[in-house]
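Chain residues, written in single-letter form:
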Amino acid sequence: MLVITGLGNPGAKYAGNRHNIGFMALDAIHRKNPFSPWSKKFKAEISEGELAGEKVLLVKPQTFMNLSGESVGEAMRFYKLAPKDIVAIYDELDLAPGKARIKVGGGHGGHNGIKSIDAHCGREYRRLRLGIGHPGVKELVTGHVLGDFAKADHVWLDPLLDELAINADMLVRGEDSQLMNKLALATGSKPEEKAQPAKPAGQSHIRQARNHAQPKALPTSGPMADMLKKLFGNKGE
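Presented here is a report on the structure given in the accompanying data block.

Observations regarding the overall build of the protein
Item 1. Scanning the protein for helices and strands turns up 9 helices and 7 strands.
Item 2. Relative to its full complement of 237 residues, the protein shows a buried share of 43%.
Item 3. By sequence separation, contacts in the protein at least 24 residues apart represent 63% of the contacts at least 6 residues apart.

Next up, the structure:
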């Protein structure tokens with residue numbers, strides 16, 4: 001069984017906030033896949049369904065962001081799950097709008113919802129971060145995070161959430177890199193590749209090393225030159 005939790009704050013006041021992109025992601029998954037109606041359990045709104053032949057529980061904690069771990073922890077213990085059975089979806093200031101990254105474990109990056117899940121569930125769960133961009137200065141962060149997405153943001157936000165929902169089964173199968181590529185293409189971003197060091201065409205790394213270490217010219221006079229002459233003799237003699 002897999003628990004997919006999206007983080008956010010409950011209530012209409014926060015529904016459109018950038019901080020609630022995790023809730024938005026779960027709502028999209030719920031709409032586009034066969035899940036039960038939302039119900040209340042584990043201090044959360046939950047819905048059960050199946051993806052890729054495996055049982056999946058969607059969890060939207062209703063504890064407010066800072067206490068998200070209480071809800072996710074209850075669900076984890078009830079079903080006797082391990083951290084590896086959890087995927088958390090949430091907003092990321094340090095990613096450009098529309099960018100997505102996923103990894104197992106790591107730090108909380110100052111995100112209070114993730115800090116709470118770490119405390120209640122352990123750290124070795126998958127974290128799907130959805131970029132909301134940074135306002136540029138620290139003083140504007142709170143207003144940015146708790147501000148609503150602008151109309152212009154929906155150019156990338158809607159395709160991002162739709163593509164994630166359509167391909168949610170990839171989360172179950174562990175096809176994380178393939179999912180990231182699909183999300184990047186959906187938002188008009190080129191999938192990122194690992195940078196490779198440039199090398200001259202037709203040269204191996206061994207040849208390059210040799211080119212960087214050419215031998216110095218042999219001395220023609222002095223004690224070293226005399227010794228070399230004795231060892232090898234003079235050409236033409």
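Once the structure has been displayed, the description carries forward.
Re helix α3 (residues 112-121)
Item 1. All buried positions along α3 are accounted for by Gly 113, Ile 114, Ser 116, Ile 117, Asp 118 and Cys 121.
Item 2. Tucked inside the fold, the buried residues of α3 contact β1 (2-6), α2 (68-78), β5 (86-92) and β7 (126-131).
Item 3. One or two steps after α3, the chain reaches Gly 122, where phi turns positive at roughly 95°.

Quick notes on the nonpolar core
Item 1. Core analysis: the biggest nonpolar cluster contains 35 residues, and Ile 4, Val 56, Ile 89, Leu 128, Leu 130, Leu 161 and Leu 164 have the highest contact counts within it.
Item 2. Discounting residues that sit within four places of it in the chain, Leu 161 has contacts with Ile 21, Met 24, Ala 25, Ala 28 and Leu 130.
Item 3. Judged by nonpolar contacts, the second largest core, of 20 residues, contains Val 3, Leu 7, Val 59 and Tyr 125.

Regarding the pairing of strand β4 (residues 54-61)
Item 1. The buried count for β4 comes to 6 of 8 residues, which makes it a mostly enclosed element.
Item 2. Pairing analysis gives 4 bridges linking β1 to β4, with the strands arranged parallel. When the sheet's bridge partners are listed, Thr 5 is paired in β4 with Val 59.
Item 3. With antiparallel pairing between neighbouring strands as the criterion, strand β3 (residues 44-51) and β4 make up a hairpin whose turn holds 2 residues, including Ala 52 at a positive phi of roughly 50°.

A look at the pairing of β1
Item 1. Most of β1 sits inside the fold, with 5 of its 5 residues counted as buried.
Item 2. By the alternation rule, side chains of β1 split into Leu 2, Ile 4 and Gly 6 and Val 3 and Thr 5, which are all buried.
Item 3. Taken together, the 4 bridges between β1 and β5 define a ladder with parallel strand orientation. In the strand pairing of β5, Thr 5 is matched with Ala 88.

Side note on the side chain of Thr 63
Item 1. Here Thr 63 is to be found in the loop between β4 and α2.
Item 2. Its relative accessible area of 13% is what places Thr 63 among the buried residues.
Item 3. One polar contact links the side chain of Thr 63 to the main-chain carbonyl oxygen of Leu 67, over a distance of 3.1 Å.
Item 4. Once residues lying within four places of it in the same chain are set aside, the contact partners of Thr 63 are Lys 43, Ser 68, Glu 70 and Ser 71.

Considering the side chain of Ser 116
Item 1. You can see Ser 116 is positioned in helix α3.
Item 2. Using a relative accessible area of 8% as the deciding quantity, one classes Ser 116 as buried.
Item 3. Here the side chain of Ser 116 touches Asn 66 through a polar contact of 3.5 Å, landing on its backbone oxygen.
Item 4. Ignoring anything within four residues of it in the chain, the contact list for Ser 116 reads Asn 66, Leu 67, Ser 68, Gly 69 and Glu 70.

Considerations on the environment of Leu 7
Item 1. Note on placement: Leu 7 falls in the loop between β1 and α1 (21-32).
Item 2. On a C-alpha basis, the gap between Leu 7 and Pro 61 in space is 6.8 Å, while along the polypeptide they are 54 residues apart.

Brief notes about the sheet that holds β4
Item 1. The 7 strands lie next to each other as β2-β3-β4-β1-β5-β7-β6, forming an open sheet whose pairing is mixed. Only two strands of the sheet have a single partner each, and these edge strands are β2 (39-41) and β6 (100-104). The average undirected angle you get between the axes of adjacent strands in this sheet is 30°.
Item 2. Of the strand pairs in this sheet, β5 and β7 are connected by 6 bridges, and their pairing is parallel. Across the sheet, Tyr 90 pairs through a bridge with Arg 129, a residue of β7.
Item 3. With respect to the sheet, helix α7 (residues 176-186) is in contact with β6 and β7, its orientation differing from that of β6 by roughly 170°.

Conventions and cut-offs
Residues numbered from 1 in each chain as written. Predicted model: local features only at pLDDT ≥ 70, side-chain atom pairs only at ≥ 80, totals over all residues. Heavy atoms only, no water. Helix = DSSP H or I, 4+ residues; strand = E, 2+ residues; numbered from the N terminus. Buried < 20%, exposed > 50% of the residue type's maximum accessible area, 1.4 Å probe, protein only. Contact = heavy atoms within 4.5 Å. Core = buried A, V, L, I, M, F, W, Y, C linked by side-chain atoms within 4.5 Å. Pairing = 2+ DSSP bridges. Polar contact = N/O pair within 3.5 Å; in protein donor to acceptor, adjacent residues only side chain to side chain. Axes fitted to C-alpha atoms, helices over the stretch in contact; angles between N-to-C directions.

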